[in-house]
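Geometric and topological summary
Next come the chains, spelled out residue by residue.
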Amino acid sequence: MKTNTLENKSVQKIDIVKVKEDSSFPYTDDISVEEPLEIRISYGPKDQRITKNISVTMRTPGNDAELAAGFLFTEGIISGSHEIQNIDHPQAECSRNRENIIEVELTENFVPHLKNVDRNFYTTSSCGVCGKGSIESIKTVSTFQHIEREEHILLFDVLYQLAGNLQSFQNNFSATGGIHASGIFNFEGELLALREDVGRHNALDKLIGHALFTGQLPLKDKILVLSGRASFELIQKAAMAGISVVAAIGAPSSLAVDVAKEFDMTLLGFLRDNRFNIYNESNFHKITEK
């Protein structure tokens, strides 16, 4: 599999006026770049390839191949990296159009599960029509629904340090204050990988795409840490990747809690300042002080 994506800057400097109390002054500020990315797939026999637009998402440029692969995987359109032959920004009339289109060329003998494309409209946290039916649909396409899991102890001291470790590695957040992060940690609290994006779901897709490319799925013995709140969509994506522990710095939604219970995932919220709430504790985990 080849991945040839263009380099993009995720932070832009602009001149602004900063106001503080009764004074104002010119200032050069860093802001997060936000641009659209159209995700396409190409599939079928070599001489009869079909190209289909799958999604358009607003994202921070960078790690586009991981984003596309992670999105296709978490939406159940592909089941593994072996079904991807090539990922690249296709030729376009202008460089800007090329940077904002990513095409995933699937292997010739693979037929993508395009019926799941329709489900995409029901898994966004803003659609307002998510529910039990959506949770059941996740179970029908989850590759890791029946994986064997081991029991783990989650120590308070390890959990307390996760939020700080995430933020210390979140370079773009410290520069702009306007970007989300998703990080994967082991049970000792060591950060293994982190991805950022203006869209919280894109940051997680990038992270899962990274795990897909590096052969780390399922992430059953890892902790996913989210820089913001835990929505239905994020817990759905975590479930698709086999993640069993999710810790969010913000609050979870009611549907996020439902998904965590359905998939026996440990879900923590408000993880900061040496405190957290337990919204669901997996049968495979024991959360303890010592």
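Right above here is the structure, for reference.
What you see is a predicted model, and the numbers here were worked out from it, not measured in a lab.

**Quick word on the pattern of salt bridges**
The full count for this structure, using the stated rule, is nine salt bridges. The closest approach of N and O atoms between Arg59 and Asp64, which form a salt bridge, is 2.9 Å. Among the residues examined, Arg59 registers a relative accessible area of 0% and is labelled buried. Residue Asp64 is classed as buried on the basis of its relative accessible area of 1%. For Arg195, the salt bridge identified is with Glu66, shortest N-O distance 2.6 Å. Of the two residues, Arg195 is situated in strand β10 (residues 191-197) and Glu66 in helix α1 (residues 64-74); the sequence distance between them amounts to 129 residues. Of the two residues examined, Arg195 and Glu66, each falls in the buried class.

**Digging into the nonpolar core**
Counting residues in hydrophobic clusters, the biggest one holds 49 residues, and the most contacted among them are Leu224 and Val246. Top element by residues in this core is α1. It accounts for seven residues. Not counting chain neighbours up to four residues away, the residues in contact with Val246 comprise Leu224, Leu226, Ile235, Ala238, Met265, Thr266, Leu267 and Leu268. In this structure, Phe185, Phe187, Ile249 and Leu271 belong to the second largest nonpolar core, which totals 18 residues.

Quick notes on the rules
Residues numbered from 1 in each chain as written. Predicted model: local features only at pLDDT ≥ 70, side-chain atom pairs only at ≥ 80, totals over all residues. Heavy atoms only, no water. Salt bridge = Lys/Arg side-chain N within 4 Å of Asp/Glu carboxyl O. Buried < 20%, exposed > 50% of the residue type's maximum accessible area, 1.4 Å probe, protein only. Helix = DSSP H or I, 4+ residues; strand = E, 2+ residues; numbered from the N terminus. Core = buried A, V, L, I, M, F, W, Y, C linked by side-chain atoms within 4.5 Å. Contact = heavy atoms within 4.5 Å.

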